Amino acid sequence: MQRAMRSSVLHYEKSEQTLTVGMFTTGNFILQAATGPSEWHAINWSALARKVKSLQRRIVKAVQAGNWRKVKRLSHILAHSFAACALAVKRVTENRGKRTPGIDQQVWDDPASKFNAIRRIKSWSAYRPKPLRRIYIPKKNGKKRPLSIPCMEERARQALYMQALQPIAETLADGNSYGFRSKRSCADAIEQCFKALRQKGSGQWILEGDIKGFFDTMDFDWLLKHIPMNRKVLRQWLHSGYVEQGQLFPTQEGVPQGGIMTPPTIEQNCR
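Residues numbered from 1 in each chain as written. Predicted model: local features only at pLDDT ≥ 70, side-chain atom pairs only at ≥ 80, totals over all residues. Heavy atoms only, no water.

Novice: Pulling in residues and values, what's your account of the packing of helix 5 (residues 82–92) against helix 6 (residues 111–122)?
Specialist: For the pair helix 5 and helix 6, interaxial distance at closest approach is 9 Å and the crossing angle is 130°. The orientation of helix 5 relative to helix 6 falls into the category oblique. Here the hand of the crossing between helix 5 and helix 6 comes out right-handed. Counting all contacts with helix 5, which are made through Phe82, Cys85, Ala86, Ala88 and Val89, the residues of helix 6 involved are Lys114, Phe115, Ala117, Ile118, Ile121 and Lys122. (Axes fitted to C-alpha atoms, helices over the stretch in contact; angles between N-to-C directions. Helix = DSSP H or I, 4+ residues; strand = E, 2+ residues; numbered from the N terminus. Parallel < 35°, antiparallel > 145°, perpendicular 65-115°, else oblique. Left-handed = near helix turned anticlockwise from the far one by under 90°. Contact = heavy atoms within 4.5 Å.)

Quick look at the structure:
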């Protein structure tokens, strides 16, 4: 007990005063006296990243051991931890789409709104996802591709669950799969192609395939059965619908592109 209470108290130095933001105890991050917009800047991001990585390593070991009950428990702990919530908010407020709002026209562009968002996404009891905002972007062939933009809260919650799903996907995914993989790039795929084709007896053909409309017609029941996450939350995301020109359209099948939990992420987790 004493060892847990000694663990990593975080401080913020300003005007010769020390503001205690919080401390790690057994698996949880407890907020203590913290007020004002400076709370966001007081967060020790390195400590939070270490906390999340520690849980992710435990998830990987549980997947390798085939202990899916433990995987579920650890994923739940991760998805409800302050560390993962804070990193999720940080991700969606620092990426390229940070100034692109959803249907609520809200963006988290100041320290106070970011810190309040951490508290908001940490609670799931009264959560109800908002519909997506449908826009169209031009393609090289002249056609337009539909893009569905979630609200900031939905993006942050998806980024939160992404931290639990990614270690599972990386553990189960094919060793020679390189698309949309963490810590992998096109250069890695080229290197593997060279290794596979450099011998005289190597294959002479490279095949490229694409399943037309695969993600547009993906079955929701299949996703709910195979994605290892909270089924209630996933069902709400799948059936949230989208708004186009002020009209709400329901979603009965298919996975929209535009959020953190994009089709490539789902593809990796469905292997």
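Read on for the rest.
Novice: Hey, could you go over the packing of aromatic side chains for me, with residue numbers and the actual values?
Specialist: In the structure shown here, the tally under the stated rule is six aromatic pairs. Ring centres of Phe82 and Phe115 lie 6.4 Å apart, and the angle between their planes is 55°; on these two criteria the pair is classed as tilted. Linking Phe82 in helix 5 with Phe115 in helix 6, this pair joins segments that are 33 residues apart in sequence. One exposure class covers both Phe82 and Phe115, and it is buried. The side chain of Lys90 reaches across the aromatic face of Trp45, ending 5.5 Å from its centre. Positioned over the ring face of Trp124 is Arg157, at 4.4 Å from the centre of the ring. (Phe/Tyr/Trp six-rings, centres within 6.5 Å; stacked < 30°, edge-to-face > 60°. Buried < 20%, exposed > 50% of the residue type's maximum accessible area, 1.4 Å probe, protein only. Lys NZ or Arg CZ within 6 Å of the ring centre and 35° of its normal.)

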